[in-house]
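# Per-entry structural report
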Amino acid sequence: MIDYFDLEASLTQEERLLVDSARSFVEGEVDDMGEHWIEGTFPTELIPKMGEMGFYAPNLEGYGLPGVSETSYGLLMRELEACDSGLRSMASVQGALVMYPIHAFGSDEQKEEWLPALGEGEAVGCFGLTEPEHGSNPSAMETRAEKDGDEYVLNGTKTWITNSPIADVAVVWAKDHSEEGTPVRGFLVETDRDGVTTNKIDEKLSLRASITGEVSLQDARIPEENRLPGVSGMKGPLSCLTQARYGIAWGAVGAAQDCFETAREYATDREQFGRPIGGFQLQQRKLAEMATQITLAQLLAHRLAELKEAGEMRPQHVSMAKRNNVRTARDQSRIAREMLGGNGITADYSPMRHMANMETVYTYEGTHDIHTLILGEDLTGLQAYQ
Ligand code: FAD
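Residues numbered from 1 in each chain as written. Predicted model: local features only at pLDDT ≥ 70, side-chain atom pairs only at ≥ 80, totals over all residues. Heavy atoms only, no water.

The next point concerns the site of the ligand. Near the ligand, the surroundings consist of 18 residues, among which Thr 130, Ser 136, Trp 160, Thr 367 and Asp 369 are the closest. One nitrogen or oxygen atom from the side chain of Thr 367 is found 2.7 Å from an oxygen atom belonging to the ligand. Note that a nitrogen atom of the ligand is positioned 3.1 Å from one of the backbone N or O atoms of Tyr 385. The set of elements that each furnish at least two residues to the shell around the ligand consists of strand S5 (151–162), helix H10 (351–363) and helix H11 (368–380). Class assignment of the residues belonging to the shell around the ligand gives a composition of 9 nonpolar, 7 polar and 2 charged. Each of domain 2 (126–226) and domain 3 (235–380) contributes no fewer than three residues to the shell around the ligand. (Near = heavy atom within 4 Å. Polar contact = N/O pair within 3.5 Å; in protein donor to acceptor, adjacent residues only side chain to side chain. Helix = DSSP H or I, 4+ residues; strand = E, 2+ residues; numbered from the N terminus. Nonpolar A, V, L, I, M, F, W, Y, C, P; charged D, E, K, R; others polar. Domains from an automatic or database assignment.)

Residues Tyr 4, Phe 5, Leu 296 and Leu 299 make up a contiguous nonpolar surface patch of about 460 Å² in total accessible area. Turning to its location among the elements, Phe 5 is positioned in the segment before helix H1 (13–29). (Patch = residues over 30% accessible without salt bridge, like charges linked within 9 Å, V, L, I, M, F, W, Y side chains within 5 Å. Areas by Shrake-Rupley, 256 points an atom, 1.4 Å probe, with all protein chains shown as cover. Salt bridge = Lys/Arg side-chain N within 4 Å of Asp/Glu carboxyl O.)

Moving on to the domain arrangement of the protein chain. When cut into domains, the protein chain gives domain 1 (7–124), domain 2 (126–226) and domain 3 (235–380). A separation of 31 Å is found between the C-alpha centroids of domain 2 and domain 3. Opposite the 9 residues of domain 2 that make contact, domain 3 presents 11 residues. Counting each side, the surface lost to burial between domain 2 and domain 3 is near 760 Å², with a carbon and sulfur contribution of 74%. In this assembly, domain 2 and domain 3 are joined by 0 salt bridges. Applying the counting criterion to the domain 2 and domain 3 interface returns 4 residue pairs in polar contact (both at pLDDT 80 or more). (Contact = heavy atoms within 4.5 Å. Buried area = accessible area lost by both parts, 1.4 Å probe.)

Glancing now at the packing of aromatic side chains. All chains considered together, the criterion is met by 8 aromatic pairs. For the ring pair Phe 25 and Phe 55, a centre distance of 5.1 Å and an interplane angle of 85° mean the geometry is edge-to-face. Of this pair, Phe 25 sits in helix H1 while Phe 55 sits in the loop between helix H3 (46–52) and strand S1 (61–62), and the two are 30 residues apart along the sequence. As far as the burial class goes, Phe 25 and Phe 55 line up, both buried. Positioned above the aromatic ring of Tyr 246 is the side chain of Lys 308, whose terminal nitrogen or guanidinium carbon lies 5.0 Å from the ring centre. Here Arg 330 stacks its cationic end above the ring of Tyr 362, 3.8 Å away from the centre of that ring. (Phe/Tyr/Trp six-rings, centres within 6.5 Å; stacked < 30°, edge-to-face > 60°. Buried < 20%, exposed > 50% of the residue type's maximum accessible area, 1.4 Å probe, protein only. Lys NZ or Arg CZ within 6 Å of the ring centre and 35° of its normal.)

Along helix H5 (residues 85–105), the largest kink reaches about 35° and is centred on Met 99; proline Pro 101 follows within four residues of it. For H5, the buried fraction is high: 19 of the 21 residues fall into the buried class. Two or three places before Gly 86, at the start of H5, stands the capping residue Asp 84, its side-chain oxygen 2.7 Å from that residue's backbone nitrogen. (Bend = angle between axes of the 7 residues up to and from the residue.)

The subject of this paragraph is the packing of helix H7 (residues 235–269) against helix H9 (residues 315–339). For any two helices packed against each other, one specifies the crossing angle of their axes together with the interaxial distance. Two elements in contact, H7 and H9, have axes separated by 8 Å at closest approach and are oriented at 20°. Here H9 runs roughly parallel to H7, going by the angle between their axes. The handedness of the crossing between H7 and H9 is left-handed. Across from Thr 242, Arg 245, Tyr 246, Ile 248, Ala 249, Ala 252, Val 253, Ala 256, Cys 259, Ala 263, Tyr 266 and Ala 267 in H7, the residues of H9 making contact are Pro 315, Val 318, Ala 321, Lys 322, Asn 325, Val 326, Ala 329, Ser 333, Ala 336 and Met 339. Counted by class, the contact of H7 with H9 contains 17 nonpolar, 3 polar and 2 charged residues. (Axes fitted to C-alpha atoms, helices over the stretch in contact; angles between N-to-C directions. Parallel < 35°, antiparallel > 145°, perpendicular 65-115°, else oblique. Left-handed = near helix turned anticlockwise from the far one by under 90°.)

What follows covers the pattern of salt bridges. Under the definition given, this model contains 24 salt bridges. We note a salt bridge from Arg 78 to Glu 8, for which the minimum N-O separation is 2.7 Å. Of the two residues, Arg 78 is situated in helix H4 (residues 70–83) and Glu 8 in the segment before H1; the sequence distance between them amounts to 70 residues. Classification of Arg 78 by relative accessible area gives buried; the value is 2%. You can call Glu 8 buried: its relative accessible area is 14%. When salt bridges that share partners are traced, they join Glu 8, Arg 16, Asp 20, Arg 23, Arg 78 and Glu 79 into one network.

Right, let's get into the UniProt feature "domain: Acyl-CoA oxidase/dehydrogenase middle" (unreviewed entry) in the protein chain. According to UniProt, the "domain: Acyl-CoA oxidase/dehydrogenase middle" (unreviewed entry) feature falls on residues 126–219. The straight-line gap between the two end C-alpha atoms of residues 126–219 is 20 Å; of that span, 0% is helix and 48% is strand. (UniProt positions renumbered as here; feature names shortened; annotations may be inferred.)

Alignment of strand S4 (residues 144–148) against S5, held across 5 bridges, turns out to be antiparallel. Looking at S5, one finds that Ala 145 is bridged to Leu 154. Between the antiparallel neighbours S4 and S5 lie 2 residues, among them Gly 149 with a positive phi of about 65°. (Pairing = 2+ DSSP bridges.)

This part takes up the UniProt feature "domain: Acyl-CoA dehydrogenase/oxidase C-terminal" (unreviewed entry) in the protein chain. Residues annotated in UniProt with the feature "domain: Acyl-CoA dehydrogenase/oxidase C-terminal" (unreviewed entry) correspond here to residues 233–378. Helix makes up 77% of residues 233–378 and strand makes up 3%, while its end C-alpha atoms are separated by 21 Å.

Approximately 1,200 Å³ is the volume attributed to the largest pocket. Lining the largest pocket are 43 residues, with Gly 135, Leu 241, Arg 245, Glu 365 and Gly 366 sitting closest to its centre. Mapped by element, the contributors of at least two residues to the lining of the largest pocket are H5, S5, H7, H9, H10 and H11. With 6 residues, H7 is the single largest residue contributor to the lining of the largest pocket. When its residues are assigned to classes, the lining of the largest pocket shows 17 nonpolar, 19 polar and 7 charged. Lining the second largest pocket are 20 residues, and of these Val 26, Glu 27, Ala 82, Cys 83 and Asp 258 sit closest to its centre. Counting residues per element, the ones that place at least two in the lining of the second largest pocket are H1, helix H2 (33–39), H4 and H7. Sort the elements by how many residues they give to the lining of the second largest pocket and H1 lands first, with 4 residues. Split into classes, the residues belonging to the lining of the second largest pocket amount to 9 nonpolar, 2 polar and 9 charged. Residues lining the lining of the second largest pocket come from more than one domain, with at least three contributed by each of domain 1 (7–124) and domain 3 (235–380). (1 Å grid on protein atoms, 1.4 Å probe; cavity = no way out; pocket = protein on both sides within 12 Å on 5 of 7 lines; lining within 4 Å. Points joined across faces, edges and corners; volume = space filled by probe spheres on them.)

Right, dumping it as structure tokens:
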């Protein structure tokens, strides 16, 4: 795939190995993502296989997790999203939104119970933050937890939750009404408990090869030991989102690269007016622009990895990279689609699928607008959300 500035020349052996094994996994194991996309299904048989490959939170350490470099992790997300955003979303949610909070904020018992099972893909997790009335402003959440003896009683509805219909456990963020100030707390909610339902959301026109649903809680009782003890307040969910957005900044590059390669190949094969369309200046301009925008996104992703590795990455750095790289993938997938003419609107080629997927990726994990406001606040010191 395109690497115009030869950024991969500086990859370590571990990083190279990870790229190669992720790519051959996608080529060998993922039969037809286009078909799954049309059917609106996720290839669930891949979940344990992705676990065997070590695709879930490999950048964490302990509990069987190898602690690979942040560049390795980013490259993995890139390779998965070059296939489909649904595949990357599976790994992102499981790793960055479920295993990360358990690893960072969980008790020893919670870590022992869940991290190996989630890491191996024997169990599936989901992350419940968004609510029907509170998306961009999750701090206004209504889901509540109330202590009753040695249990918590949870009530509320989370929506747009990736994987909830197939999840064994949900990380649910709720306001703890048994504490002064009702701080936001994280709870591990097994989805087979009484009072928990996870209805599927059908008829999505984007991210179709990913299962999305609700997590509805009606007097759902969970033991006190299911509360994540190590965090309180919005920094709990927001720190998970920083991890996942980091992966998205890399993943979007993969989707854009795949669109570019598809368009380049098509342009050199497809002939009109007696020669390959890639020989016409208008098409070359499109390829030149795509290659340039993708290279800029790659540079941002690689530098972000260096900052993360050095412990110097700020959430605002992630906002800029997520915002820019997803916009790049969204814009460039459309140009790639255009270069494929009528064939470009079929599922035989990936660009239109990536293009539709990018509508979700542009919106979830902080919309493009919200990341703009995060950057605006960082640059001016003036907050413009409210
Ligand atoms: P709203 O917040 O209602 O925003 C609507 C529009 O208003 C947007 O364009 C937004 O940018 C704009 N807007 C909002 N506030 C402002 C402002 N202050 N200034 C200017 N413009 C503003 N959530 C989870 O918790 N877990 C998941 O696993 C998950 N998976 C998802 C999977 C899919 C397929 C989708 C589509 C969403 C998923 N989400 C998930 C939810 C996602 O994070 C939210 O959709 C997102 O945060 C936006 O919230 P909203 O849809 O309520 O839009």
